[in-house]
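Here is what each chain is made of, one letter per residue.
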Amino acid sequence: MKVVITGASGQLGREFQDILDKKGWELFPLSHRDLPIESFEEVLRVLKEIKPDIILNCAAYNYVDKAEDEWEVAFKVNSRGPLNLAVASREINAKLVHYSTDYVFDGGKDDLYQETDEPNPLNQYGRSKLLGERWVLEENSKALVFRVSWVYGNGKQNFIFKLLNWAKERDKLLVTFDEFSVPTWTRFIAENTLKSLKEDLSGLFHLVPQGLTSRFHLAQEVFKLKGLQKRLIPVPSSTFNLKAKRPRFSAMDSSRLQTLLNVEFRDWAEYLKEFLTSSY
Ligand SMILES: NC(=O)c1ccc[n+]([C@@H]2O[C@H](COP(=O)([O-])OP(=O)(O)OC[C@H]3O[C@@H](n4cnc5c(N)ncnc54)[C@H](OP(=O)(O)O)[C@@H]3O)[C@@H](O)[C@H]2O)c1
């Protein structure tokens, strides 16, 4: 099986490389520099040359606050890039897998978000990701699109890495208590992506573990599992005066995918424990 990974040096891209290496699949990990996905000519040229069976699009612009000013870059990477991949993968008859976000929702619901709920992003990042997922599904009916949330893994662009880094310098940390979603390990995403490919699924799915949490409770759990004694102070998200608005509640439900895969996902805290005790 020939697999192209775009955005291969990001957290999810690296996870796929680790997992697929062990499977003995023929991998083509392409970093931002190898393949800037916003260029259709480049995307088509590279994909026609490699002729992959599968394209895992792990490339994204994930700087939620910076995207308020740099929205043109965010739309190039998160909307135009996936559109290019959708069109090119259709042309070469390759299966495209793309990832979106819980930030397509506005947080106004008081229950878990389903695939059928109407998105209404509050920020430019969410708007750029929503357009990306819509273009992929419009242009390529065989594509698979997964919405994931609060992604962590072997990388720096995640809340857990930042938390542990802040803890090196401070004994007292302020963490928001009024933002809720589902922390999702890159290994969980990669493994369930492979299961979905095996079942030849296509369309839009929510892909997160069971349960949900606040950032504050997540921080408590991380420090408990790491055996770190830090003073955690719950504060409202308004304390940080961040540029981009975020949904207060964006936890999603993955029942649809679990039914089709005939699996039961575990609670987010169990994956977190595995991650923090794994050999990254
Ligand atoms: N991180 C989260 O909390 C989160 C939450 C919800 C959804 N997601 C989604 O989950 C997926 C995986 O995210 P992740 O956390 O693995 O992301 P990540 O660690 O930020 O990696 C993204 C990768 O994309 C690359 N990239 C940026 N612009 C590119 C371009 N124009 N062409 C090609 N590559 C480009 C980046 O390279 P450079 O760094 O060199 O630019 C980086 O290696 C993404 O679709 C993301 O939107 C993530």
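Residues numbered from 1 in each chain as written. Predicted model: local features only at pLDDT ≥ 70, side-chain atom pairs only at ≥ 80, totals over all residues. Heavy atoms only, no water.

(A) Geometry of the nonpolar core. Among the nonpolar cores identified, the biggest contains 85 residues, and Phe16 and Leu56 are the most heavily contacted of them. In terms of residues, this core owes the most to one element, helix α9 (residues 268–276), which gives six residues. When residues no more than four places from it in sequence are discounted, the contact partners of phenylalanine 16 are Ile5, Asp21, Leu56, Cys58, Tyr99, Ala190, Thr193 and Leu194. (Core = buried A, V, L, I, M, F, W, Y, C linked by side-chain atoms within 4.5 Å. Buried < 20%, exposed > 50% of the residue type's maximum accessible area, 1.4 Å probe, protein only. Helix = DSSP H or I, 4+ residues; strand = E, 2+ residues; numbered from the N terminus. Contact = heavy atoms within 4.5 Å.)

(B) Local environment of the packing of helix α3 (residues 71–92) against helix α4 (residues 124–139). Remark: α3 packs on α4, axes separated minimally by 8 Å, with the N-to-C direction vectors making an angle of 10°. Considering their axes alone, α3 and α4 lie roughly parallel with respect to each other. For the pair α3 and α4, contact is made by Trp71, Ala74, Phe75, Asn78, Ser79, Arg80, Pro82, Leu83, Ala86, Val87 and Arg90 and by Gln124, Tyr125, Arg127, Ser128, Lys129, Leu131, Gly132, Trp135, Val136 and Glu139, respectively. Split into classes, the residues belonging to the contact of α3 with α4 amount to eleven nonpolar, five polar and five charged. (Axes fitted to C-alpha atoms, helices over the stretch in contact; angles between N-to-C directions. Parallel < 35°, antiparallel > 145°, perpendicular 65-115°, else oblique. Nonpolar A, V, L, I, M, F, W, Y, C, P; charged D, E, K, R; others polar.)

(C) Just the sheet that holds strand β5 (residues 144–148), in detail. Across the sheet, which stays open at both edges, the six strands sit in the order β2-β1-β3-β4-β5-β10 with parallel pairing between neighbours. Each edge of the open sheet is held by one strand with a lone partner, namely β2 (26–30) and β10 (203–206). This sheet shows a mean twist of 20° between the axes of neighbouring strands, independent of strand direction. Pairing of strand β1 (residues 2–6) with strand β3 (residues 54–57), which is carried by four bridges, proceeds in the parallel orientation. Its bridge partner being in β3, valine 4 is matched across the sheet by isoleucine 55. (Pairing = 2+ DSSP bridges.)

(D) Region of interest: the packing of aromatic side chains. One pass over the full model with this rule turns up twelve aromatic pairs. When the centroid spacing of 6.5 Å and the interplanar angle of 80° are considered together, the rings of tryptophan 71 and phenylalanine 75 count as edge-to-face. Residue tryptophan 71 and its partner phenylalanine 75 are both found in helix α3; the two are separated by four residues, about one turn of the helix. Centroid distance phenylalanine 188 to tyrosine 271: 4.9 Å. Interplanar angle 65°. Geometry classified as edge-to-face. With phenylalanine 188 in helix α6 (residues 186–198) and tyrosine 271 in helix α9, this pair connects stretches of sequence that are 83 residues apart. (Phe/Tyr/Trp six-rings, centres within 6.5 Å; stacked < 30°, edge-to-face > 60°.)

(E) Quick peek at the site of the ligand. Near the ligand, the surroundings consist of 24 residues, among which Gln11, His32, Glu38, Asn62 and Lys129 are the closest. Within the backbone of alanine 60, an N or O atom sits 3.2 Å from an oxygen atom of the ligand. Here an oxygen atom of the ligand and a side-chain polar atom of lysine 129 are 2.8 Å apart. Burial of the ligand by the surrounding chains reaches 83%, relative to a free accessible area of 900 Å². Counting only elements with at least two residues in the shell around the ligand, the list comes to α1 (11–23), β4 (95–101) and α4. With three residues, the single largest contributor to the shell around the ligand is β4. The residue makeup of the shell around the ligand, split by class, is 13 nonpolar, nine polar and two charged. (Near = heavy atom within 4 Å. Polar contact = N/O pair within 3.5 Å; in protein donor to acceptor, adjacent residues only side chain to side chain. Areas by Shrake-Rupley, 256 points an atom, 1.4 Å probe, with all protein chains shown as cover.)

(F) The side chain of glutamine 11, seen in detail. Along the polypeptide, glutamine 11 turns up in helix α1. Among the polar contacts made by the side chain of glutamine 11, one reaches the side chain of asparagine 158 at a distance of 2.9 Å. Ignoring sequence-local partners within four residues, the contact set of glutamine 11 consists of Val151, Tyr152, Gly153, Asn154, Gly155, Gln157, Asn158 and Thr186.

(G) Quick peek at the packing of helix α2 (residues 40–50) against α3. Packing of α2 against α3 leaves a shortest axis separation of 9 Å and a crossing angle of 30°. Every pair of crossing elements has a handedness; the one defined by α2 and α3 is right-handed. On α3, the residues that touch Phe40, Val43, Leu44, Leu47 and Lys48 of α2 are Asn84, Leu85, Val87, Ala88, Glu91 and Ile92. In terms of residue class, the contact of α2 with α3 is made up of eight nonpolar, one polar and two charged. (Left-handed = near helix turned anticlockwise from the far one by under 90°.)

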